[in-house]
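Chain residues, written in single-letter form:
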Number of protein chains: 2
Amino acid sequence: MIRLFIAEDQKMLLSALGSLLDLEKDMEVIGQAVNGEEALSSILKLKPDVCLMDIEMPVLSGLDVAEQLSQRGSHSKVIILTTFARPGYFERAVKNGVHGYLLKDGEIDELADAIRKCMTGKRIFSPELTFDLIREENPLTEREQQILRMASLGKTTKEITSELYLSSGTVRNYISEIIQKLEAKNRTEAASIAKTKGWI
Amino acid sequence: MIRLFIAEDQKMLLSALGSLLDLEKDMEVIGQAVNGEEALSSILKLKPDVCLMDIEMPVLSGLDVAEQLSQRGSHSKVIILTTFARPGYFERAVKNGVHGYLLKDGEIDELADAIRKCMTGKRIFSPELTFDLIREENPLTEREQQILRMASLGKTTKEITSELYLSSGTVRNYISEIIQKLEAKNRTEAASIAKTKGWI
DNA sequence: TTGTAAAAATGACATTTGTCATCTGATTTC
DNA sequence: GAAATCAGATGACAAATGTCATTTTTACAA
């Protein structure tokens, strides 16, 4: 019997996946969570065989949870299940040693198959992901990402300086650098590009 | 027997909903679609009793489909099923005479109940939606929305002028007006606000 | 210890952006 | 037909943004 845990913030999908996978004769869903924090603590407690994990969840993202689990020596296998084939996400997932990365773009049956394959030790990746465009690495440093995230909400240079305790010139230098790295025209376009690539 | 049609671009959720609702003894899923265009033509052909419809789909949005259906005198009831409680979405849905607006935030069972209630002629709305904040009308004119959409991609004033054949001053006047209406600090924040409210 | 590389700051500059008051034509409306 | 309304335009101004060359500070590996 494969003991499953599901973390997914869209409750309708969570409950649907739960019901359907529970119907499989060789699987049982032993826990669910709607945010990363709950997921992390439950997984450490319940030690499921396989965790299905969404990325975009409140509090902690699925990638954060995967990172924590690997750091704390958990033996539960993690399969990332997400809408987004963003380069940055995939890159981080691989770095954190996940056992699978699937898009919410396949049928449920494929998912069940993937879980069984994963149990045998294989790593499972959606075919869409193996192509190059996904391999694009995030060119932005931590600091740059942080600043661009703030800029993308419309925060002004001044607001950013006072939150980060940097001088106005420094912030503008960072943004200038970001704009060049992303080949954008201005901060707004840079934010738009970075978002679609999953870099911020 | 309630004849259902489901339109949803996230295939995993589509197939999960399909399987689960088909299990209900009084329902049968007679068709599915992953984009608005397919959905529209299939619904006109199959004349299902109830359509579950996502909003954010390729080609035509769920709201576009609902609009078309009501214009063409379809008798199929439409239930919008979406992640987003955005004022603009809700406003448009109501204008187009949909029979329900549910968030993908409930359990599957609630969904099945809602469908049955809908069949009796009742209109079904997620309780989260009935509060005021959702009632906020889109304060932006068509033109303003169009310009803000362009600005949100990082297009400069100059690029906008040449796409719309307006003078640079006019574009800046529009953006200035938009910023005041949305109580933002700059175009980027205006875009961020408008997006979360579903106004662009 | 030196060398190298980030991270952060400075100053000077050109451009872009946001604001505001005012002006012109159309189109409605009374 | 006069008045109000609306989409655009203009010009002038201040503030914010983006660019670049140069410098300081810190960190850390050889």
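Numbers given for residues are sequential positions, taken from 1 along each chain in its written order. For naming, the first written chain is A and the first written ligand is 1, with later ones following in the order written. Residues qualify for local features only when their pLDDT is at least 70, as the model is predicted, and side-chain atom pairs are given and counted only at 80 or more; totals for whole chains, interfaces and linings, by contrast, use all residues. Excluded from the side-chain calculations are hydrogens and water; all other atoms, namely the structure's heavy atoms, are used.

Asks: Describe the interface of chain A and chain B, with residues and values.
Replies: Contact residues are listed per partner, giving 32 residues for chain A and 32 residues for chain B. Here the quantity called buried area is the accessible surface, traced with a 1.4 Å probe, that two parts lose on coming together, added over both. At the boundary of chain A with chain B, total buried surface from both sides reaches about 2500 Å², with 59% on carbon and sulfur atoms. We define a salt bridge as a contact between a side-chain nitrogen of Lys or Arg and a carboxyl oxygen of Asp or Glu at a distance within 4 Å. Run the count over chain A and chain B and you get 4 salt bridges. Between K185(A) and E159(B) there is a salt bridge, with its nearest N and O atoms 3.4 Å apart. Polar contact criterion, stated in full: a pair of N or O atoms within 3.5 Å, where within protein one must be able to donate a hydrogen and the other to accept it, and residues adjacent in sequence count only if both atoms are side-chain atoms. Run the count over chain A and chain B and you get 12 residue pairs in polar contact (both at pLDDT 80 or more). Comment: elements are numbered from the N terminus, with helices defined as DSSP H or I runs of at least four residues and strands as E runs of at least two. Within the residue set of the side of chain A that touches chain B, elements represented by two or more residues are helix 1 (11-23), helix 5 (108-119), helix 7 (142-152) and helix 10 (187-197) of chain A. With 9 residues, the top contributor of residues to the side of chain A that touches chain B is helix 1 of chain A. Contacts were defined at the residue level, with two residues in contact if any of their heavy atoms lie within 4.5 Å.

Asks: Account for the protein's contact with DNA strand C, with residues named and values stated.
Replies: Here a residue is near a molecule or strand as soon as one of its heavy atoms is found within 4 Å of it. Not every one of the 19 residues close to DNA strand C is listed here, only the nearest: N173(A), Y174(A), R172(B), S176(B) and R187(B). Each atom of DNA strand C within 4 Å of the protein was classed as base or backbone; sugar and phosphate made up 58%. With respect to DNA strand C, the side chain of R143(A) contributes an N or O atom lying 3.2 Å from a phosphate oxygen. When contributions to the surface near DNA strand C are tallied by element, the ones reaching two or more residues are helix 9 (168-181) of chain A together with helix 8 (157-164) and helix 9 (168-181) of chain B. Looking at the surface near DNA strand C element by element, the count peaks at 6 residues for helix 9 of chain B.

Asks: Mind laying out the sheet that holds strand 3 (residues 50-53) of chain A, listing which residues take part and the relevant values?
Replies: All names here are of chain A. For two strands to be treated as a pair, DSSP must find at least two bridges joining them. Reading across the sheet, the 6 strands line up as 2-1-3-4-5-6 and stay open at both edges, with parallel pairing between neighbours. At either margin of the open sheet sits one strand with a lone partner, and together these are strand 2 (27-33) and strand 6 (124-125). Taken together, the 2 bridges between strand 5 (residues 100-103) and strand 6 define a ladder with parallel strand orientation. When the sheet's bridge partners are listed, Y101 is paired in strand 6 with F125. Where helix 1 meets the sheet, its contacts fall on strand 1 (2-7), strand 2, strand 3 and strand 4 (77-82), and the angle it forms with strand 2 comes to roughly 160°. Strand contacts of helix 3 (residues 62-71): strand 3 and strand 4, with the helix running at about 170° to strand 4, the strand carrying the most contacts. Inter-axis angles, ranging from 0 to 180 degrees, are taken between N-to-C directions of lines fitted to C-alpha atoms, where helices are fitted over the stretch in contact.

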